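Now for the letters of each chain:
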Amino acid sequence: MVVPLAVAGALPGGAKYAGKTDDEQAVTLRLTSDAKRVKRMRIHYTVTCADGRSGDTYTDILNPKVRPDHTFRGSGTYKGSGDGSENAFKVTGTISKNKASGTFSLTATSDSTTQGETLRCKTGKLTWKATRQR
């Protein structure tokens, strides 16, 4: 009996993965039941701002499509819930049966209320790795 390659290498539907970024922050992701999308990815990170401040926060990434080669990518913008900043992110990933890995970056832009200037905060390019949770 010959099993088609697509079926043999199928991703486990509903699988959960957990791990860390290269700066030791948490990352989790869960596949949809048919494994065709990343249902939710939550990545924690530190942003460093042009004025020298920094802070820890996270982003939830919802429903990026998993391609037939088991990669995904996503990008988007959203308003920060804590400070009202405009946040632009990019994420990439590769998923296998037992692990997932990829990159993430984010730039937050907000109007500084003190001097009417625009303040930029960035993560830099983070790498992340996660293993499947059983």
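As the structure is a computational prediction, the values presented were derived from the model and not from experiment. (Residues numbered from 1 in each chain as written. Predicted model: local features only at pLDDT ≥ 70, side-chain atom pairs only at ≥ 80, totals over all residues. Heavy atoms only, no water.)

**A short note on the side chain of Thr123**
Counting through the fold element by element, Thr123 comes out in the loop between strand 8 (118-122) and strand 9 (126-133). The class for Thr123 is buried, based on a relative accessible area of 14%. At a separation of 2.9 Å, a polar atom in the side chain of Thr123 contacts the main-chain amide nitrogen of Leu106. If we skip the residues at most four places from it in the chain, Thr123 touches Tyr45, Thr46, Val47, Phe104, Ser105 and Leu106. (Helix = DSSP H or I, 4+ residues; strand = E, 2+ residues; numbered from the N terminus. Buried < 20%, exposed > 50% of the residue type's maximum accessible area, 1.4 Å probe, protein only. Polar contact = N/O pair within 3.5 Å; in protein donor to acceptor, adjacent residues only side chain to side chain. Contact = heavy atoms within 4.5 Å.)

**Things to note about the nonpolar core**
Counting residues in each nonpolar core, the largest one holds 28 residues, and the members touching the most others are Leu29, Leu31, Met41, Ile95, Phe104 and Trp128. Taken together, the elements giving at least two residues each to this core come down to strand 2 (26-31), strand 3 (38-49), strand 6 (86-95), strand 7 (99-111), strand 8 and strand 9. Excluding residues that lie within four positions of it along the chain, Met41 makes contacts with Val27, Thr28, Leu29, Thr59, Asp60, Ile61, Phe72, Val91 and Trp128. (Core = buried A, V, L, I, M, F, W, Y, C linked by side-chain atoms within 4.5 Å.)

**What about the state of the cysteines?**
Scanning the entire structure with this criterion turns up one disulfide. Each sulfur in the disulfide pair Cys49 and Cys121 lies 2.0 Å from the other. Judged by the sign of its S-S torsion, about 100°, the cystine formed by Cys49 and Cys121 is right-handed. Remark: Cys121 occurs in strand 8 and Cys49 occurs in strand 3; sequence separation between them is 72 residues. Cys121 carries the same exposure label as Cys49, and that label is buried. (Disulfide = S-S within 2.5 Å.)

**Description of the environment of Glu86**
Tracing the backbone through its elements, the reader meets Glu86 in strand 6. For Glu86, a relative accessible area of 38% gives the class partly exposed. Measuring from C-alpha to C-alpha, the distance between Glu86 and Thr109 comes to 5.1 Å, with 23 residues separating the pair along the chain. The contacts of Glu86, once residues within four sequence positions are left out, are Thr77, Tyr78, Lys79, Thr107, Ala108 and Thr109.

**Some thoughts on the pairing of strand 8**
Of the two faces of strand 8, the one holding Leu119 and Cys121 is buried and the one holding Thr118, Arg120 and Lys122 is not buried anywhere. Summarising the sheet, strand 3 and strand 8 pair through two bridges and their orientation is antiparallel. Bridged to Cys49 within strand 8 is Cys121. When strand 7 meets strand 8, the two strands line up antiparallel, connected through five bridges. From the neighbouring strand, Thr107 faces strand 8, where its bridge partner is Lys122. (Pairing = 2+ DSSP bridges.)

**Topic: the pattern of salt bridges**
Side-chain pairs of opposite charge can arise whenever the charged atoms involved come near each other. Considering all chains together, one arrives at two salt bridges under this definition. Between Asp60 and Arg42 there is a salt bridge, with its nearest N and O atoms 2.7 Å apart. Pair noted here: Asp60 is in strand 4 (residues 54-62) and Arg42 is in strand 3, with a separation of 18 residues, a long-range link. Assessed through its relative accessible area of 29%, Asp60 is described here as partly exposed. Salt-bridge contacts for Arg53 lead to Asp51; the nearest nitrogen and oxygen are separated by 2.8 Å. In this structure Arg53 comes out as exposed when scored by relative accessible area, which is 52%. (Salt bridge = Lys/Arg side-chain N within 4 Å of Asp/Glu carboxyl O.)

Remember that the coordinates give geometry; whether it matters functionally is a separate question.
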